[in-house]
Structure formats: structure tokens, C-alpha cells
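Spelled out, the chains give:
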Amino acid sequence: MEVIESLEEIPVQNPQAEDFSYSDLSWTKFGTTEHHDEVALIPYARVEEFIIGECSNPECPTRFHIERGRKRSRGSLREYKPDEYLEYRLYWCSFGPENYGEGGGVLPSRKYRLNTRNRAARPQSMRGCTCHFVVKRLYARPSLALLVYNERRHVNKAGFVCHGPLDRDAIGPGAKKIPYICNEIQQQTMSMIYLGIPEENVLEKHIEGIQRYCGSDATVDTLASQYVHKLGMIIKRSTHELDLDDQASIKIWAERNKKSIFSYQESSETDQFMLGIQTEWQLQQFVRFGHCSLVAADSTFGIKRLKYPLCTLLVFDSRHHALPVAWIISRSNLKSDVEKWMKILLQRAQSVEPGFRINGFIIDDAAMEIDPIRHASTLHKKCDTIEVQRELFKCLGEVVYSIWDGVDTSKVLERLTLDFSDQTAFMHYFTSTWLPKIGMWLSSIKNLPLASQEACGAIEAYHVKLKVKLFDDTHLNALQRVDWLVHKLTTELHSSYWLDRYADESDSFQNVKEEYIASTSWHRASEIPDSAVTLDSNNTVVAKVLSQRDANVARVVWNPGSEFAFCDCAWSLQGNLCKHIIKVNTMCENREGYGDSMSLRSFKEKLTSIKMKPMDDSIALDLSMALTLQMFDQIKQLVKLSGTDDISNIVNDLPVKWGCRKGRTTVGIPASIAAFTKKRSQRRKR
């Protein structure tokens, strides 16, 4: 924003709304390059309406009091600047500037009791909020007021939100007598109730959370018990049917939950229905785990059973588990519709983190026809015996690998159709549905990077959890209602993932944490010891994995070292990626006689294409080499980070980075020297 030095260049703004706030005005930087403030000019008669609008902030509702004020009489100044004041008032949030909370203190200059006529309800409710602004009635133009915002955020000196719904750790007034329920405790209690945990256990955890702030007290326990019971009754009596008509019901829900909606489009003759849901917690996780990382789309859920298909955007958390950060309910796959909600999501993330960007996008969508060949592998259900299914998987793998091995794909397909001609059900489905587009599929696989088995396993774990939550026998009659789907997503599923993350980060709810950690096939595979796997160097077609529960049981994995491996366990027979295949494929890496995975082959292909494109002895060759080495260093750092148990070893090896020149004088000077310098400067001024 350009800095303006003349007050005459700032336009006067007069919003049409009855009450208006900071967001309704355009702010200008006024002053010099070194010292400037955000200012706006409004009619002096509308100052009270601006203050009312600022008090009505939904994120931090408050009141503002006059912390300091001065007045001048007209004609008292012979010479004056354009920004000189006739009246000066400093408005401060009534939750500050003092801090009566835990660890807070009263300002040293405040030796007397303030007039609390226009302050907050109690002086004890002050939490050290630093939000304040100045209103100047201009001396040269008394009909105008200059608004100067010094601190817009409702935060304390440490930079944390200190009151309002976004406050997680503040202590309420009279906290020793009245239990303060912060957002974290409330979300924890609601999640446990939604997941069907008994009320006694919910109350126990609720009281433990409150006692962190209030201590142990009989009154606290009584009020907490009443709160949990009432909240449980409200949740049990709540229903997804806000109206008998599904479209009217979802419209009512959208009006009530505007903060959780980033895109909403009603169905009409020209537009299809579309609803995008992202809660505040999901937005935080999107920014936290999606920034400079991977985002995946699971968009094939409910195509046949739900009224509208469900698309889920996933990020990978600190344990590389898939975490839903947005839900899109729509039947439209048009580029214009998808681009619309993706831009809105990006803008939401950048409003929290201005430099937000993602490094990669994983797509799993049969309608997009990017990766359907792996979806075709589930057709083993149409075959008769395990032996036929095993050979079918192997032939499908040969079809895919032919794009890297230099083998003629048409000959591989011809051999596939001849070998399985007796499997009429499978061949009819394959030739009618998949074969006409096999060329486009293989071209997409060759030209686009492929996701690893760990990413596929994490997405599959989310898919399985979604099926368990939604496709319960008790809900079969509600599958064609959108309001039921929205209710299940925003209550049970959202609460389940919130509690999983909370249990992992706070090291509480040990049973929930253990179940969450072991929810992916990749993690379950890491629990299998290497000694339980038998690989025969003379026979690379088969491998065996001993069961950890029963030593007499051994699972047989055919075609090891390939994404098209086949296991005889029940989970694999259902078309899922089991832990036995992942464990065997992990051990087959870098072993003689076993090929590379599809994702590694795709990566090598991209590196080879980068190397072959530039001309010899050209600048383009130097640039390609520099980019390749830079990418190689980043991969090494990621591998080292994921494989270490002590982060301090990596931090000590990082190169030293100097701060900017402006901050280097204070950051680099020891505290004693800085204090001595400050005293000398004060002595010189005196």
C-alpha cells in the first residue's frame, strides 16, 4: 500500500449501512515512509455508528471505552497542520489494557479506580487486550473525523487472542467459582457425545479440563455436570430434518452455519447444486498441513448410493494420515465449477497465511479418468478362483508397466484377452468399459506423477472410515437426503477426526490415540518385523508373511514388489491394499530380481526427461542441473527428517541464517549489553 503524506488526498467515506466497522472502510497509510498509520476519513457525526460496528465483531464481541481524551477550543491555534485535532479520543477495547487474568498485572501508572460507566461488565474481565484506535476531530475541518487504527487485532502483548469465541486459554471472570469453558473443552465434550461415549466418561474428562483453569471445587463439579447433561440432551434431540423438503432444509442449515460454508449454489435450470463445507478447525489444519505440502482429492465416494457425490479434500498430518479439510457436495465435474470452489478455498487459506501454496495435488477420480487402471483391479470380484485373480493382477500390472519397459501395449492387451477369454463376466466388463479408453489412461499415467503406496493407503483409510460412518444399516433410508449427509459430516465425522488429532497432540485418550495411529495399512505394515517375511531369491513370484496373532498362519503374497501384488487375506480379497503387500513391497526395494514401484518409475522418467530436454553445453542444461540438485537436496532433508527420532540433531546441522539488518542490532546483542545501551541513551536524553 502506498504511503500518502497529504491529508487532502484521502477521500471521505460515508458507508450506507446503519452501523459499519473496519472491514467496511478503505484504509490508507498516512505519514512518512518511516512512520505511518492506517487511517480513514468519515463524517464526525457517524463516529458513534463506527464504534457500534466495531463492538459487534462476531469473532471478538466487546465494548470500547475512552482511555484518554483531549480538547481544544476553536481559534486557540494560530498555525496548525491539516491533521491537528479539535477533539482527540483514544478508544480502547474494554478487555484491556490491564490484565487481571492468570499471570497478569495492573499498569504501574494506574493507581486509582477508573470510571467503569462505559467499560466492560466487570474490571476483573480485563485480559490485557491491545486493540485500540484514535478518533481525531480535525481542527481545520470540524465536520470530519480522522480514524487512526493502532492495533486491529484483539490480542494480548504475547500476540494471543485473549477474549471472544476464538480464545482457547482465557480464564473467565470469577473463575474460581464459575467454570470457564473454553473452545477446546467445549469441542472435546461435543466430540465425545457425538461419538456415543457414555455420559459418565464425558463428565470425567470435562471436569478434568475445567480444573486446569478453576481448580477442584464442589460447585464447579455440579455446574459441569449440569452443562454436560444439557449439552447431551441438545445433541440427542437435534435432527438433520429442518424441513420436510430436503432442498429447503439444506437452505435453512446454510443460513445458520455461514461460517462453515465457503461455497453454496442452489440447483436451478442452468446451475447444479453445490455445497462446500469447511469449518474453522478444518481451515486451520488446511493451512497447517497443506502449506508447501500435498493435498489429495477423494471424489469418487457415493456416486451410486448418495443423492449427490461427495468430494473430500485431504491433507497429510504429522503422522502422514489423511485428514479431511473440506467437503464438496455436488454432481458437477465441470471445469468452471471445480475452478470456482478451488479458488475460494485458496483465498480462504491465503487470508490466514498470505504465502500459502501447495506443492502437489493428488487426484483419485474415475470421472476425471486419470488413474482408472488401478480401479479396474477391483474387478477380481468378477473372477471365479483365487488362481485366476492372481494371474489377472499380474497381467494388469504388465499392461501398466509396458509404458516404461518399451513393450508394445497392444500385444500385452491381446495376450490378456486371449488368456482370460473363459472369464466371460470379467472380459465383457473390461472390453466394454475400460478397453476403449486404455490408450488415454496409460498416457495419463505416463505423463503425470503417480502417488506412493503410503499416500494411497492413507486415502483408503479415510475412505473406509467414511463408509463405516455413513453406510450404516440404520441410515439406509436417509442416503438420498443432503441434509442428513451434511449433518453426519459436520457432527460425527468431524468430531472423530478432531478427537483423533487432540488425543495424539495432547497425549490423552490413549485408546483413541492407539486406534488412530494404527488406522492405516502403512502403519500396520511397519509393525510387522522383517523376520516374519520370507522372500525366496530363486522364486520371486511369491512371498510369505507370518501372522502376528497366530504363528501357525502365514499369508501368501503373489507378484511381490508390485502395486498389482495379490494377497490371500480377507482385507485384500475385498479389493483393499493390505499390510502384508505393503510390508513385502517395502522389503523388495533395492533387492535384485524385483522391479521398481510405479511412483518411482514415474519419478525416474521425469528426471530423465529433464536431462534430455536441454541442448548440450547450454544455459538450459545448467539450469536443469541446478533445479535437479536443489530438488535432490530437499528430498534428502525430508528423508532425514522422517527417519530421525531426535529433531535437535537435524537443527544443529542447519546452516546459520542472519536476520534482516533492522532486527540484527537487537537480536544479535546479548540482553546485558542491550540493557546497558538503553540506559546510556536515556541518560543522554535527560
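Residues numbered from 1 in each chain as written. Predicted model: local features only at pLDDT ≥ 70, side-chain atom pairs only at ≥ 80, totals over all residues. Heavy atoms only, no water.

1. A word on the overall build of the protein chain
Step number 1: Tallying secondary structure elements over the protein chain gives 23 helices and 17 strands in all.
Step number 2: Burial statistics for the protein chain: of 686 residues in total, 42% are counted as buried.
Step number 3: Counted over contacts in the protein chain with a minimum sequence separation of 6, partners at least 24 positions apart contribute 65%.
Step number 4: As displayed, the protein chain offers around 39,600 Å² of accessible surface, 52% of which is attributable to carbon and sulfur atoms. (Helix = DSSP H or I, 4+ residues; strand = E, 2+ residues; numbered from the N terminus. Buried < 20%, exposed > 50% of the residue type's maximum accessible area, 1.4 Å probe, protein only. Contact = heavy atoms within 4.5 Å. Areas by Shrake-Rupley, 256 points an atom, 1.4 Å probe, with all protein chains shown as cover.)

2. Thoughts on the pairing of strand β11 (residues 310–316)
Step number 1: Taken across its seven residues, β11 has seven buried, putting it largely inside the fold.
Step number 2: Residues Leu310, Thr312, Leu314 and Phe316 point to one face of β11 and Cys311, Leu313 and Val315 to the other, with burial holding for every one of them.
Step number 3: Strand direction decides the pairing type here: β11 and strand β12 (residues 322–330), joined by seven bridges, are antiparallel. Across the sheet, the residue bridging to cysteine 311 is isoleucine 328, located in β12. (Pairing = 2+ DSSP bridges.)

3. Re the pattern of salt bridges
Step number 1: As enumerated under the stated definition, the model contains 21 salt bridges in all.
Step number 2: Between aspartate 483 and arginine 481 there is a salt bridge; the shortest N-O distance is 2.7 Å.
Step number 3: What makes aspartate 483 buried here is its relative accessible area of 4%.
Step number 4: What makes arginine 481 buried here is its relative accessible area of 15%. (Salt bridge = Lys/Arg side-chain N within 4 Å of Asp/Glu carboxyl O.)

4. Some thoughts on the packing of aromatic side chains
The geometry of two aromatic rings is summed up by the distance between their centres and the angle between their planes.
Step number 1: Enumeration according to the criterion identifies 17 aromatic pairs in this entry.
Step number 2: Aromatic side chains tyrosine 264 and phenylalanine 273 sit 6.3 Å apart centroid to centroid with 80 degrees between the ring planes, which places their arrangement in the edge-to-face category.
Step number 3: Classification of phenylalanine 273 by relative accessible area gives buried; the value is 5%.
Step number 4: Three or more aromatic residues joined by ring pairs make a cluster, and in this case those are Phe20, Tyr22, Trp27, Phe50, Phe64, Tyr91, Phe133 and Tyr149. (Phe/Tyr/Trp six-rings, centres within 6.5 Å; stacked < 30°, edge-to-face > 60°.)

5. What about the pairing of strand β2 (residues 28–31)?
Step number 1: When strand β1 (residues 3–4) meets β2, the two strands line up parallel, connected through two bridges. Its bridge partner lying in β2, isoleucine 4 is registered against phenylalanine 30.
Step number 2: Sheet analysis places β2 next to strand β3 (residues 36–43), joined by four bridges and oriented antiparallel. From the neighbouring strand, threonine 28 faces β3, where its bridge partner is valine 39.
Step number 3: Hairpin connection between β2 and β3: a loop of four residues separates the two successive antiparallel strands.

6. Points about the environment of leucine 275
Step number 1: Relative to the helices and strands, leucine 275 is located in strand β9 (residues 274–277).
Step number 2: With a relative accessible area of 0%, leucine 275 lands in the buried category.
Step number 3: Leucine 275 sits 53 residues away from isoleucine 328 along the chain, and the two C-alpha atoms are 5.7 Å apart.
Step number 4: Discounting chain neighbours no more than four positions away, the residues touching leucine 275 are Ile250, Ile261, Ser263, Tyr264, Trp327, Ile328, Ile329 and Val486.

7. Observations regarding the UniProt feature "domain: SWIM-type" (unreviewed entry) in the protein chain
Step number 1: The UniProt feature table records "domain: SWIM-type" (unreviewed entry) at residues 552–589.
Step number 2: The span residues 552–589 carries 37% helix and 18% strand; its end-to-end C-alpha distance comes to 27 Å. (UniProt positions renumbered as here; feature names shortened; annotations may be inferred.)

8. Regarding the sheet that holds strand β17 (residues 566–567)
Strands pair in a sheet through their backbones, by hydrogen bonds, and they do so in one of two ways: parallel or antiparallel.
Step number 1: Strand order in the open sheet formed by four strands is β14-β15-β16-β17, with antiparallel pairing between adjacent strands. If you trace the sheet from one side to the other, it starts and ends with β14 (533–535) and β17, each paired once.
Step number 2: Bridge count between β14 and strand β15 (residues 542–546): three bridges; the pairing is antiparallel. When the sheet's bridge partners are listed, leucine 535 is paired in β15 with alanine 543.
Step number 3: Against the sheet, helix α18 (residues 579–588) makes contact with β14, β15, β16 (554–558) and β17, and its axis sits at roughly 50 degrees relative to β14, the strand it touches most. (Axes fitted to C-alpha atoms, helices over the stretch in contact; angles between N-to-C directions.)

9. Focus on the sheet that holds strand β6 (residues 132–138)
Step number 1: Reading across the sheet, the seven strands line up as β1-β2-β3-β7-β6-β5-β4 and stay open at both edges, with mixed pairing between neighbours. Looking at which strands have only one partner, the edges of the open sheet turn out to be β1 and β4 (64–71).
Step number 2: One ladder, built from six bridges, connects β6 with strand β7 (residues 144–151); its direction is antiparallel. From the neighbouring strand, valine 135 faces β7, where its bridge partner is leucine 147.
Step number 3: In this fold helix α1 (residues 47–55) packs onto β3, β4, β5 (85–93), β6 and β7, with an angle of close to 25 degrees to the strand it touches most, β7.

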